[in-house]
Amino acid sequence: MSGFKPVNYADGQVLFEPGEQAHSFYVIQSGQVSIIDRQSQRQLALLSAGESFGEQALLAGGVRSAAAQAVGATVCLEITAQGLRDMLAKEGGIATQVLEALLLQLYMHNTIKQ
């Protein structure tokens, strides 16, 4: 499916930095990703297989608020915002509203955790 692809990251490879425009959402398939506040150099979260991050990409006008860096060899399913929009346009129905509500809930949860 276009817009959904597995991407391999080497240990220490940066996926994104704060302030960058958010275009992709990620689901970790294997390995780990550290979410880092660059101002304090504090690790905000260490995410593992099955966890997701980067939901700002799927919310209108998203900008990265932290850095994401691979810990060990890591594989993430990268989901582009446009790929997801295209899929939802084909599927239609209530799926769009449900997904937007879930993404907003994830965003709020991550904001509170920081």
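In this text the structure is predicted, and so the values were computed from the model without any measurement.

(A) Geometry of the nonpolar core. In terms of nonpolar packing, the biggest core is built from 16 residues, with Leu15, Ile35, Phe53 and Cys76 touching the most fellow members. Secondary structure elements with two or more residues in this core: β1 (4–9), β2 (14–16), β3 (24–37), β4 (42–48) and β6 (67–80). Considering each element in turn, this core owes the most residues, four residues, to β3. If sequence neighbours within four positions are ignored, Cys76 has contacts with Lys5, Pro6, Val7, Tyr9, Leu15, Tyr26, Val27, Ile28, Gln29, Val33 and Phe53. If you look at the next biggest cluster of nonpolar residues, it comprises six residues, including Phe25, Ala81, Leu84 and Leu88.

(B) Quick peek at the confidence of the model for the chain. When pLDDT is averaged along the chain, the result is 83, and 75% of the positions lie at 70 or above. Taken element by element, the predicted model of the chain shows its lowest mean pLDDT in helix α2 (residues 95–113) (64) and its highest in β2 (97).

(C) Structural detail: the side chain of Arg64. Within the element layout of this structure, Arg64 appears in the loop between β5 (52–53) and β6. Despite its burial, Arg64 pairs with no opposite charge; the closest candidate is Glu20, at 5.6 Å N-O. Filtering out sequence-adjacent residues up to four positions away, Arg64 remains in contact with Phe16, Glu17, Pro18, Gly19, Glu20, Ala22, His23, Ser24, Tyr26, Gly54, Gln56 and Ala57.

(D) The arrangement of unusual backbone geometry in detail. A positive phi angle is found at Gln41, which is not glycine, with a value near 60 degrees. Along the polypeptide, Gln41 turns up in the loop between β3 and β4. You can call Gln41 exposed: its relative accessible area is 51%.

Cut-offs applied
- Residues numbered from 1 in each chain as written.
- Predicted model: local features only at pLDDT ≥ 70, side-chain atom pairs only at ≥ 80, totals over all residues.
- Heavy atoms only, no water.
- Core = buried A, V, L, I, M, F, W, Y, C linked by side-chain atoms within 4.5 Å.
- Buried < 20%, exposed > 50% of the residue type's maximum accessible area, 1.4 Å probe, protein only.
- Helix = DSSP H or I, 4+ residues; strand = E, 2+ residues; numbered from the N terminus.
- Contact = heavy atoms within 4.5 Å.
- pLDDT = per-residue confidence, 0-100.
- Lys, Arg positive; Asp, Glu negative; His and termini not counted.
- Salt bridge = Lys/Arg side-chain N within 4 Å of Asp/Glu carboxyl O.

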